[in-house]
Amino acid sequence: MKRTILFSGVPVMLLLAVSALVLQPTRATAGENSSTEVRVDNFTFGPETLTVAVNSTVTWVNKDDIPHVIASNDGLFKSKALDTDQSFSYTFTKPGTYPYYCSIHPKMVGKIVVQ
Amino acid sequence: MEKSQIIAPNVNGLIEHDHNNDGIDRRGFLKCMAWAGTGAICAIQGGVLKSYALGSQMGSKMKSHKADELTFVQISDSHMGFNKPANPDVIGTLKAAVDKINAMPHQPEFILHTGDISHLSNPEEFDNVDQILKATNKEIFFVPGEHDVLNDDGKMFLERYGRNSKGSGWYSFDKNGVHFIGLVNVMNLKAGGLGTLGHDQLEWLEDDVRHLKSSTPIVVFAHIPLWTIYPQWGWGTDDSAQALSYLKRFASVTVLNGHIHQTMQKVEGNVTFHTAFSTAFVQPAPGKADGPGPMKVPAEQLRSLLGITDVNYVQGRHALAVVDSTLA
């Protein structure tokens, strides 16, 4: 739905550039209809559990007026502080369950399941 | 957990709490809490909690300083760098707080800043705050908020504000016979948890107060509340009970926190807990919104929901007077 809005009325050159950016992570989950974006909104991760295919790149986008830091519980990945609309991406190369949290608001927790 | 309720203020009522006999007037106390958020004042003076409408008797009460009194000011959550609709001018409101301090008839001896000095831990944000606070011409003691230690585990904060501190920035000092303890509960936070003091800091605290007489008044200041206000939003500290256990034997303990951008007060035995206004933006009352994010209020109301805290200690009395006043 989001993509439809993005594409309408955009010049062809820009359209190609944007679609390359948007489609790339989707391609990694070939055959599955799963999104690879986690929205950080109102001090929650949406979805809280995201299932992706191996080699998927997951992107967290902060929609809050307050910065958040994305950190895996075991130290595998950690973002810099993400201000409003900033994002952080990480590519998961091995199957498994990866719990993470916001290291400055630790009540915010989520997990990425890589299959 | 005490929850504040909105109760119509009764301007003729004087709300009293006998701190020493533990006969708290719970209803009166809640009224006082509700008032604090709407431009009135709560104070504990000589062990008695009283509230006054702003601009009424309070002014004259606070003018009667004597040589054996100590007055200091707490400011909190200046969030320099924040520029969202909840307050597009955090420079202006911090300057208003400075004006308020400079206009106090009896000048405070020093200032405590209970963290979230900056919004994004940027050097320019710290520079701006330092520049603005310089106009108070006062010594300022800082503890970090989570916004001050974002990308470097607090290294920059320590270089700027924690030269004489231990560990990640904790320390103590004495003024007029009062023992002040600055604690850090925003580092090494664990998934699913609340604020954390950690083993090293707790050990230091136990040792720090060991030599003190039980009659020494104690003031503890830290960013995240050291009492559990609303754990769903992370408004509490996991190991605060351990810290408070070391302070049980003291006759008077005053705990000053920030983080939640609203005033709240609770008395538990010998301990008075208090949270301060922010100078930057408002956050919702516990559970009154989907989340704890910044709350946009009508522009003309903003300064009546931001403020500073004035604390007054009279030697020989147990409790400290904690007085909130808004920037309006």
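What you see is a predicted model; the values in this text were computed from it and never measured. (Residues numbered from 1 in each chain as written. Chains lettered and ligands numbered in written order. Predicted model: local features only at pLDDT ≥ 70, side-chain atom pairs only at ≥ 80, totals over all residues.)

1. A word on the overall build of chain A
Each helix and strand in chain A was counted, giving 2 helices and 8 strands. Counted from the first residue to the last, chain A has its helices and strands arranged as α-α-β-β-β-β-β-β-β-β. For chain A, buried positions account for 28% of its 115 residues. Across chain A, every contact between residues at least 6 apart in sequence was considered, and the portion connecting residues at least 24 apart equals 47%. (Helix = DSSP H or I, 4+ residues; strand = E, 2+ residues; numbered from the N terminus. Buried ≥ 20, exposed ≤ 12 C-beta atoms within 10 Å, placed from the backbone. Contact = placed C-beta atoms within 7 Å.)

2. Digging into the interface of chain B and chain A
Facing 20 residues of chain B, the contacting portion of chain A comprises 19 residues. The class makeup of the residues in the side of chain B that touches chain A is 8 nonpolar, 8 polar and 4 charged. (Nonpolar A, V, L, I, M, F, W, Y, C, P; charged D, E, K, R; others polar.)

3. A look at helix α4 (residues 123-133) of chain B
All names here are of chain B. All of the buried residues along α4 are E125, F126, V129 and L133. In an axial view of α4, the angular spread of the buried residues amounts to 100°, which keeps them on one side of the axis. Relative to its buried face, α4 has exposed residues pointing more than 90 degrees away, namely P123, E124 and Q131. Residues of α4 that are buried in the fold lie against α3 (90-102), β5 (139-142) and α5 (155-161). (Arc of directions from axis to C-beta.)

4. What about the sheet that holds strand β8 (residues 105-114) of chain A?
Residue and element names in this part refer to chain A. With mixed pairing, the 4 strands of this open sheet are ordered in space as β3-β8-β7-β5. What marks the edges here is a single partner per strand, and that holds for β3 (49-52) and β5 (70-72). Averaged over all neighbouring strand pairs, the angle between strand axes comes to 30°, with direction disregarded. As paired elements, β3 and β8 share 4 bridges and run parallel to each other. Counterpart to L50 in the pairing with β8 is I112. (Pairing = 2+ DSSP bridges. Axes fitted to C-alpha atoms, helices over the stretch in contact; angles between N-to-C directions.)

5. Some details on the sheet that holds strand β4 (residues 110-113) of chain B
All names here are of chain B. Strands sit in the order β5-β4-β3-β12-β13 across an open sheet of 5 strands; the sheet is mixed. Both outer strands of the open sheet, β5 and β13 (321-326), are each paired with one neighbouring strand and no more. Across this sheet, the average inter-strand angle for adjacent strands is 25°, counted without regard to direction. Note that strand β12 (residues 307-314) and β13 share 6 bridges and pair antiparallel. The residue bridging T309 from the neighbouring strand is D324, located in β13.

6. Quick notes on the environment of G169 of chain B
Residues and elements named next belong to chain B. You can see G169 is positioned in the loop between α5 and β6 (171-175). When the 24 C-beta atoms within 10 Å are taken as the criterion, G169 is described as buried. C-alpha of G169 to C-alpha of N137: the two residues are 32 residues apart in sequence and 23 Å apart in space. With near-sequence residues (within four places) excluded, G169 lies in contact with V143, P144, G154, F157, L158, G162 and V184.

7. What to know about the confidence of the model for chain B
Residues and elements named next belong to chain B. The predicted model of chain B has a mean per-residue pLDDT of 84, with 80% of residues at 70 or higher. Low confidence marks residues 1-65, where pLDDT is under 50. Its contacts with residues over four positions away, or in another chain, come to 111 contacts. Taken over the whole predicted complex, pTM reads 0.81, whereas the ipTM for its chain interfaces reads 0.80. (pLDDT = per-residue confidence, 0-100.)

8. Details of the pairing of β12 of chain B
Residue and element names in this part refer to chain B. Summarising burial for β12: 7 of the 8 residues are buried, a large majority. In this sheet, β12 lies alongside strand β3 (residues 69-75) in antiparallel orientation, the contact comprising 6 bridges. Pairing of Q74 across the sheet is with T309, part of β12. Hairpin connection between β12 and β13: a loop of 6 residues separates the two successive antiparallel strands, and G316 in this loop has a positive phi of roughly 95°.

9. Observations regarding the nonpolar core
Residues and elements named next belong to chain B. In this structure, A97, L183, V184, V220, F221, A222 and L226 are the most contacted members of the largest nonpolar core, which totals 92 residues. For this core, the leading source of residues is α3, giving 5 residues. Excluding anything up to four places from it in sequence, F221 contacts L112, T114, V143, G182 and L256. (Core = buried A, V, L, I, M, F, W, Y, C linked by C-beta atoms within 7 Å.)

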